[in-house]
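Secondary and tertiary structure notes
In case you want the letters, here they are:
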Amino acid sequence: MTDPDHDERLPALAVACPSCGSTPDQLCTSHGGTRTRRHDVHQTRTQAHRALVDSIETELTGGCGVCDTEADEMCVGCGGCRCDRHDTCTRPTP
Ligand SMILES: [Zn+2]
Ligand SMILES: [Zn+2]
Ligand SMILES: [Zn+2]
């Protein structure tokens, strides 16, 4: 069993919060840090977490999460992602 008070309920705790500056695994705080938000997190944190999950999924499927290139979007010439320039890559003519 997993702890219901932890990541299961607030998966966004895996990342830091851009709004209140909470570090990973720390609950969000409001009112200058005097109030802990136990039941939700800032929306920006949810978005940050979703972006992270998306990039992890991209990596797992063979893509590059850094530049958000899916496996089937990789350079035809060298098989690399968009992190590099591909000026010298020759695209095979169909
Ligand atoms: Zn927050
Ligand atoms: Zn290339
Ligand atoms: Zn990349």
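Calculation rules
- Residues numbered from 1 in each chain as written.
- Chains lettered and ligands numbered in written order.
- Predicted model: local features only at pLDDT ≥ 70, side-chain atom pairs only at ≥ 80, totals over all residues.
- Heavy atoms only, no water.
- Helix = DSSP H or I, 4+ residues; strand = E, 2+ residues; numbered from the N terminus.
- Buried < 20%, exposed > 50% of the residue type's maximum accessible area, 1.4 Å probe, protein only.
- Contact = heavy atoms within 4.5 Å.
- Areas by Shrake-Rupley, 256 points an atom, 1.4 Å probe, with all protein chains shown as cover.
- Donors = N, O, S within 2.8 Å, 3.2 Å for Na, K, Ca; no water.
- Tetrahedral: all angles 85-135°; square planar, octahedral: opposite > 155°, others 65-115°.
- Core = buried A, V, L, I, M, F, W, Y, C linked by side-chain atoms within 4.5 Å.
- Patch = residues over 30% accessible without salt bridge, like charges linked within 9 Å, V, L, I, M, F, W, Y side chains within 5 Å.
- Salt bridge = Lys/Arg side-chain N within 4 Å of Asp/Glu carboxyl O.
- Lys, Arg positive; Asp, Glu negative; His and termini not counted.
- Charge placed at Lys NZ, Arg CZ, Asp CG, Glu CD.

Brief notes about the overall build of the chain
For the chain, the count of helices and strands is 1 helix and 2 strands. Across the 94 residues of the chain, 24% fall into the buried class. The long-range fraction of contacts in the chain, counting pairs at least 24 apart against all pairs at least 6 apart in sequence, stands at 24%. Total accessible area computed for the chain in this model is approximately 6,800 Å², and 50% of it derives from carbon and sulfur atoms.

Here's the deal with the coordination of the zinc ion (ligand 1)
For the zinc ion (ligand 1), the full set of protein donor atoms is Cys17 (SG), Cys20 (SG), Cys28 (SG) and His42 (ND1), and the range of their distances to it is 1.9 to 2.4 Å. Taken together, the 4 donor atoms surrounding the zinc ion (ligand 1) define angles of 106 to 112 degrees at the centre, an arrangement classified as tetrahedral. Here the donor residues for the zinc ion (ligand 1) map to a single chain with the spacing C-x2-C-x7-C-x13-H.

Focus on the nonpolar core
In this structure, Leu10, Ala12, Leu13, Cys17, Cys28 and Val41 together form the largest nonpolar core, which totals 6 residues. In contact with Val41, other than residues within four places in its own chain, are Leu10, Ala12, Leu13, Cys28 and Thr46.

Remarks on the coordination of the zinc ion (ligand 2)
Of the protein atoms, only Cys75 (SG), Cys78 (SG), His86 (ND1) and Cys89 (SG) coordinate the zinc ion (ligand 2), at distances of 2.1 to 2.4 Å. The coordination sphere of the zinc ion (ligand 2) comprises 4 donor atoms, whose angles at the metal cover 96 to 121 degrees; the geometry is tetrahedral. Of note, the zinc ion (ligand 2) draws all its donor residues from one chain, in the sequence arrangement C-x2-C-x7-H-x2-C. Here His86 lies in the segment after α1 (43-60) and Cys75 lies in the segment after α1, a separation of 11 residues in the sequence.

Quick word on a negative patch on the surface
Side chains of Asp54, Glu57, Asp68, Glu70 and Asp72 sit close together on the surface and give a patch of like negative charge. Within the secondary structure, Asp68 sits in the segment after α1.

Here's the deal with a nonpolar patch on the surface
On the surface, a cluster of nonpolar side chains totalling about 300 Å² of accessible area is made up of Leu52, Ile56 and Leu60. If you trace the backbone, Ile56 turns up in helix α1. Residue Ile56 is classed as partly exposed on the basis of its relative accessible area, which comes to 43%.

Observations concerning the side chain of His42
By secondary structure assignment, the location of His42 is in the loop between β2 (35-37) and α1. Those residues in contact with His42 that sit more than four places away from it in its chain are Cys17, Ser19, Cys20, Cys28, Thr29, Ser30 and Arg37.

As for the environment of Val53
By the secondary structure assignment, Val53 is in helix α1. Judged by relative accessible area, which is 30%, Val53 ranks as partly exposed. Val53 sits 12 residues away from Gly65 along the chain, and the two C-alpha atoms are 9.4 Å apart.

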